[in-house]
Amino acid sequence: MADAFAFDRNAPRKARYDQLDMQCLALLSDADPVANQANFAALVHMAFGWHWVGFYRVVKDELVLGPFQGPVACTRLFKDRGVCALAWARNEAVVVQDVDAFPGHVMCSAVSRSELVVPVRDAQGQVRAVFDVDSAVVADFEQEDADRLQRLIDTVAERLIDEPLPGHA
Ligand code: SME
C-alpha cells in the first residue's frame, strides 16, 4: 500500500506540494481523524523529509500531542507560549525563520532551527488542532510553504478532526 505513495525528492518543492495534494486526497478516505492525522503526518514527512511533523490537538486550554513523525516531542503545550500557541491564538499560519530568535519558543528538539505551524479549523472556523513542521535548516520556510500547507489542510480538515466538536452535536 505504501508503495502507491511516493515522491520525487529531487523535484522542486512546488512540484512536491502538487504531488502531496493529489496523494493526500487519495489517502485520507477514512472517517477516523486519528488515522488520518497519522497518515497525513507520514505523507508530509515522505514528501519533504523535515525533522519533525505532526499534530497538536486543542484539548480545553492546552495543545496535546497527536500523531507525528520524528523524534519524541513535548506532550503538552500551553497558551501564550511558543509557536504552536501563537498559531492557535491568531488562527493563522506562523513561520519562524530562526527559532532562537523567537521569544518563548518551546524547544522539543535541539535539532530544530526553523518552524512552520498551520491551524486546522472546523467548519465554523474554530481552531481544533495545529500542524507543526520543524526543520533542521534555518529559514527553511517561506510564505509559499505556509500557503500551500494551509490550503491543503483547509481542504481536508473535515477528515482530520471530529466534526462537530465532541459533546456539542
Ligand atoms: N516548537 C514548538 C513546540 C512543539 S515542537 O517543535 C514539536 C512551539 O514552540 O510551540
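Read on for an overview of the structure.

Parameters at a glance
Residues numbered from 1 in each chain as written. Predicted model: local features only at pLDDT ≥ 70, side-chain atom pairs only at ≥ 80, totals over all residues. Heavy atoms only, no water. Core = buried A, V, L, I, M, F, W, Y, C linked by side-chain atoms within 4.5 Å. Buried < 20%, exposed > 50% of the residue type's maximum accessible area, 1.4 Å probe, protein only. Helix = DSSP H or I, 4+ residues; strand = E, 2+ residues; numbered from the N terminus. Contact = heavy atoms within 4.5 Å. Expected span 1.5 Å × (residues − 1). Arc of directions from axis to C-beta. Near = heavy atom within 4 Å. Polar contact = N/O pair within 3.5 Å; in protein donor to acceptor, adjacent residues only side chain to side chain. Nonpolar A, V, L, I, M, F, W, Y, C, P; charged D, E, K, R; others polar. Axes fitted to C-alpha atoms, helices over the stretch in contact; angles between N-to-C directions. Parallel < 35°, antiparallel > 145°, perpendicular 65-115°, else oblique. Patch = residues over 30% accessible without salt bridge, like charges linked within 9 Å, V, L, I, M, F, W, Y side chains within 5 Å. Areas by Shrake-Rupley, 256 points an atom, 1.4 Å probe, with all protein chains shown as cover. Salt bridge = Lys/Arg side-chain N within 4 Å of Asp/Glu carboxyl O. Lys, Arg positive; Asp, Glu negative; His and termini not counted. Charge placed at Lys NZ, Arg CZ, Asp CG, Glu CD. Pairing = 2+ DSSP bridges.

Leu20, Phe40 and Phe131 are the most contacted members of the largest nonpolar core, which has 31 residues in total. The set of elements that each furnish at least two residues to this core consists of α1 (13-27), α2 (33-48), β1 (52-59), β5 (114-121), β6 (127-135) and α4 (143-160). Other than its neighbours up to four places away in sequence, phenylalanine 40 contacts Cys24, Leu28, Phe55, Phe131, Leu152, Ile153, Val156 and Leu160. Residues Tyr56, Val83, Trp88 and Val127 belong to the second largest nonpolar core, which totals 17 residues.

The end-to-end C-alpha separation of α1 is 20 Å, in line with the 21 Å expected for 15 residues at 1.5 Å each. Those residues of α1 not exposed but buried are Arg16, Tyr17, Gln19, Leu20, Gln23, Cys24 and Leu27. End-on, the buried residues of α1 take up no more than an arc of 165°, which puts them together on one face. Away from the buried face of α1 by more than 90 degrees, exposed residues Lys14, Met22, Leu25 and Ala26 are located. Elements that come into contact with the buried residues of α1 comprise α2 and α4.

Near the ligand, the surroundings consist of Trp52, Tyr56, Leu77, Gly82, Val83, Cys84, His105, Val106, Cys108, Glu115, Asp132 and Asp134. Side-chain polar atom of aspartate 132 to an oxygen atom of the ligand: 3.3 Å apart, as the coordinates give it. Contacts to the ligand include aspartate 134, whose side-chain N or O atom sits 2.7 Å from an oxygen atom. Secondary-structure elements contributing two or more residues to the shell around the ligand are β1, α3 (83-90) and β6. A class-by-class count of the residues in the shell around the ligand yields seven nonpolar, two polar and three charged.

Interaxial distance between α1 and α4 falls to 11 Å at its minimum, and their mutual angle equals 5°. Looking at the two axes, α1 sits roughly parallel to α4. Residues Arg13, Lys14, Tyr17, Asp18, Leu20, Asp21, Cys24 and Leu25 of α1 pack against Asp145, Arg148, Leu149, Arg151, Leu152, Thr155 and Val156 of α4. Counted by class, the contact of α1 with α4 contains seven nonpolar, one polar and seven charged residues.

This paragraph deals with a negative patch on the surface. The grouping of Asp30, Asp32, Glu158, Asp162 and Glu163 at the surface amounts to a negative patch. Summarising the element assignment, glutamate 163 is placed in the segment after α4.

Structurally, histidine 51 can be placed in the loop between α2 and β1. In this structure histidine 51 comes out as buried when scored by relative accessible area, which is 19%. A polar atom in the side chain of histidine 51 sits 2.9 Å from the side chain of serine 109. The contacts of histidine 51, once residues within four sequence positions are left out, are His45, Gln69, Gly70, Pro71, Ser109, Val111, Ser112, Asp134, Ser135 and Ala136.

So, on to the pairing of β1. Two strands pair when backbone bridges link them, and β1 and β6 are joined in this way by six bridges, in the antiparallel orientation. The residue bridging arginine 57 from the neighbouring strand is alanine 129, located in β6. Note that β1 and strand β2 (residues 62-69) share six bridges and pair antiparallel. Among the inter-strand pairings, tyrosine 56 is bridged to a residue of β2, identified as leucine 65. The antiparallel hairpin formed by β1 and β2 contains two residues in its connecting segment, where lysine 60 sits at a positive phi of about 55°.

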